Amino acid sequence: SPVAIGWLTGIYSGMQIIFTPILGRLSDQWGRRPVLMVSIAGTAVGFRVDESEPTPFAYRNGRVEQLAPLGKATAINEAGTIVGSTGNEASKPVRWANADSEPEPLPLPAGYFNGQAIDIDEDGTIIGLLSRDSDFVPYVWFPDGTHRELIRPGNGERARFGMVRGIRNGWVAGSLRSAPKTDR
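Structural notes, computed from the coordinates.

Here is what the cut-offs are and how they apply
- Residues numbered from 1 in each chain as written.
- Predicted model: local features only at pLDDT ≥ 70, side-chain atom pairs only at ≥ 80, totals over all residues.
- Heavy atoms only, no water.
- Salt bridge = Lys/Arg side-chain N within 4 Å of Asp/Glu carboxyl O.
- Helix = DSSP H or I, 4+ residues; strand = E, 2+ residues; numbered from the N terminus.
- Buried < 20%, exposed > 50% of the residue type's maximum accessible area, 1.4 Å probe, protein only.
- Core = buried A, V, L, I, M, F, W, Y, C linked by side-chain atoms within 4.5 Å.
- Contact = heavy atoms within 4.5 Å.
- Pairing = 2+ DSSP bridges.

**Describing the pattern of salt bridges**
Throughout the structure, instances matching the rule amount to two salt bridges. Its salt-bridge partner being E104, residue R95 comes within 2.6 Å of it at the nearest N-O pair. For R168, the salt bridge is made with D119, and the minimal N-O distance between the two is 3.0 Å. Placement of R168 in strand 12 (residues 162-168) and of D119 in strand 8 (residues 114-120) is noted, with a sequence separation of 49 residues between them. Classification of R168 as exposed rests on a relative accessible area of 52%. Here D119 falls in the buried class, since its relative accessible area comes to 7%.

Here it is as structure tokens:
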């Protein structure tokens, strides 16, 4: 009907007005092709903070969907597996098999109670950080279920006091130092 066509045209125009500046800023930051691919057919994950509580979500098929009651979604791979954390202050690293599934906690070694999964490789390898007191430890969970602290390249020392940022084809990017700074 003419009324329905009028509404659809108006809504379409309104969405262009709202989302063109947003997609433009994202294109400036990430490049035009990735933003167009996600906005057309892809899935993106993230979180928003409402009243100081983070809420994880996935954007897919033109819809925003909440993933869990509280937490952060930080990465997704081509298979659609999502990683992040649940909770707020005392966060736990988790993975979602897909955007429709419940979060599954990732195992923590003895003595660690907080952490976050930060990125996931195409084979399902997950990297993240564990924390205890002021100790931040880069950590890896493998697809076969094993997990361990990351080791420093070259000398085999434990990678203490570090930050991991991403993983691609088995290579981890981040920064670390071997010992905390001391005032001497």
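On we go from here.
**Overview of the environment of G170**
As for its position among the elements, G170 is in the loop between strand 12 and strand 13 (171-176). Note on G170: relative accessible area 53%, which makes it exposed. For the pair G170 and E122, spaced 48 residues apart in the sequence, the C-alpha separation amounts to 9.0 Å.

**Some details on the nonpolar core**
Ranked by size, the top nonpolar core spans 11 residues in total: A75, V83, L106, Y112, A117, I120, I126, L130, V137, Y139 and W141. Broken down by secondary-structure element, the contributors of at least two residues to this core are strand 8, strand 9 (126-132) and strand 10 (135-141). No other element matches strand 10, which puts three residues into this core. Beyond its immediate sequence surroundings of up to four residues, Y139 is in contact with P107, P109, I126, I127, G128, L130, H147, R148, E149 and L150.

**Brief notes about the pairing of strand 5 (residues 82-86)**
In terms of residue burial, strand 5 counts as a mostly covered element, since five of its five residues are buried. In terms of strand pairing, strand 4 (residues 71-76) meets strand 5 through five bridges, oriented antiparallel. For I76, the partnering residue across the bridge sits in strand 5 and is I82. Counted along the chain from strand 4 to the antiparallel partner strand 5, the turn is five residues long, and its residue G80 has a positive phi close to 90 degrees. Alignment of strand 5 against strand 6 (residues 92-96), held across five bridges, turns out to be antiparallel. Residue pairing for strand 6: G84 is matched across the bridge by V94.

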